[in-house]
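Structural overview for review
Here are the chains, one letter per residue:
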Amino acid sequence: MRNQLSIPVTALALLALAACGTETGSGSATGDGGGSVSTDVPLTGVHWSVDSVTVGGKKSAAPEGAHVEITSKGRAQGNYGCNGFGADVKVVGDTITVGNAVQTEMACDKSRMAFEDALRAAFSGKLKAKITDGKLTLTTDKGDSIALSSQKPAPLVGTKWTVNSLVTGDTASSMPAGTEKNAYMTFAKDGSVRGSLGCNTFTSTAKVSGSTITFDRLATTRKMCTGTAAMVESHLLKVLKGKVTYKIDYRTLSLTAENGKGVAATSTPALPEK
């Protein structure tokens, strides 16, 4: 099984690893698909988080980060669970017609790749759409279905951001095996930031201005780190230093330092501040 793969960031535009930006929740299109949208079902302009896929009667829960957005210009974009994708779509009434998709080619663990294959197969061709209380169900002619929920963008402050990708220059890498959920950070209302570098924990303060975050010097614990944990920690120390650019795309936070080092992280709700 391949746990780590380096690929060009230019191929990861759909994964929101842009080097600059601001906190957003628009999920704006990256091009004009040239399709048409005329629908009685409010599908467009919404970030739909994939909950599960049911194929041949077998239901599979979605991994973190799987989502779909449909723009008013006839374009669907999102993430299958591992790789980002884009496809032209036409929406007429309650019927969505999804064209051939293009996607990135990142390798993930077997369970994510299996879910990705199922979602990619289901999210194609003609689909019937039904929305009930913020829940969207897309059903194929064969009776397979995709369950999705509308999702608001995660705020920078008060969210636990778990690092899931490391960036160096024009190359992004998935987290090394055994380190997948070890590194994280949480920004507080008082300007403090704390978290884990993958081995040692840290505290600091951070000033947010426009599209940048300026970190003060990190105070860390002194645990000895070896192997991949040491590599992840070394990378993060080079990112969380001084001024960095940041961007939020719903549940993905991208940080890029002036030295070309960067990370991508996904959100989970943080504990309330005391």
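Of all six residues in strand 16 (residues 192-197), five are buried; the element is thus mostly enclosed. Here strand 15 (residues 183-187) pairs with strand 16 via five bridges, running antiparallel. Considered in strand 16, the bridge of Thr-186 is made with Arg-194. The loop that links strand 15 with its antiparallel partner strand 16 comprises four residues; one of these, Gly-191, has a positive phi angle of about 95°.

Moving on: the state of the cysteines. Should the sulfur atoms of two cysteines be covalently bonded, the bond is a disulfide. Here the structure, examined in full by the defined rule, presents one disulfide. Here Cys-199 engages in a disulfide with Cys-225; their sulfurs sit 2.1 Å apart. The sign of the -95° torsion about the S-S bond sets the Cys-199-Cys-225 disulfide as left-handed. Taken together, the residues span a long stretch of sequence, with Cys-199 in the loop between strand 16 and strand 17 (201-209) and Cys-225 in the loop between strand 19 (219-220) and helix 2 (227-239) at a distance of 26 residues. Grouping residues by exposure puts Cys-199 and Cys-225 together as buried.

Take the environment of Asn-100 next. Tracing the sequence through the fold places Asn-100 in strand 9 (residues 95-103). For Asn-100, a relative accessible area of 78% corresponds to the exposed category. Taking the C-alpha atoms as reference points, Asn-100 and Asp-88, separated by 12 residues in sequence, lie 7.3 Å from one another. In this structure, Asn-100 is in contact with Gly-86 and Ala-87, ignoring residues within four places of it in sequence.

Further remarks concern the side chain of Thr-159. Note on placement: Thr-159 falls in strand 13 (residues 159-168). Within the structure, the side chain of Thr-159 is placed 2.7 Å from the backbone oxygen of Pro-155, a separation counted as a polar contact.

Let us now look at the confidence of the model for the chain. Across the chain, pLDDT averages 84, with 83% of residues at or above 70. Predicted confidence for residues 1-40 stays below pLDDT 50, and this span has 116 contacts to residues more than four positions away or in other chains.

For the rest of this paragraph, the subject is unusual backbone geometry. Unlike most non-glycine residues, Asp-133 shows phi in positive territory, near 50°. With respect to the secondary-structure elements, Asp-133 resides in the loop between strand 10 (125-132) and strand 11 (135-140). Positive phi, normally seen in glycine, also occurs at Tyr-250, with a value near 60°. By secondary structure assignment, the location of Tyr-250 is in the loop between strand 20 (242-249) and strand 21 (252-257). In this structure Tyr-250 comes out as buried when scored by relative accessible area, which is 4%.

Here we take up helix 2. Over its 13 residues, helix 2 extends 19 Å from the first C-alpha to the last, a length consistent with the 18 Å expected when each residue adds 1.5 Å. Of the positions making up helix 2, those classed as buried are Ala-229, Val-232, Glu-233, His-235, Leu-236 and Val-239. For helix 2, the arc enclosing every buried residue in end-on projection is 160°, short of the 170-degree limit, so these residues lie on one face.

Scoring rules and cut-offs
Residues numbered from 1 in each chain as written. Predicted model: local features only at pLDDT ≥ 70, side-chain atom pairs only at ≥ 80, totals over all residues. Heavy atoms only, no water. Buried < 20%, exposed > 50% of the residue type's maximum accessible area, 1.4 Å probe, protein only. Helix = DSSP H or I, 4+ residues; strand = E, 2+ residues; numbered from the N terminus. Pairing = 2+ DSSP bridges. Disulfide = S-S within 2.5 Å. Contact = heavy atoms within 4.5 Å. Polar contact = N/O pair within 3.5 Å; in protein donor to acceptor, adjacent residues only side chain to side chain. pLDDT = per-residue confidence, 0-100. Expected span 1.5 Å × (residues − 1). Arc of directions from axis to C-beta.

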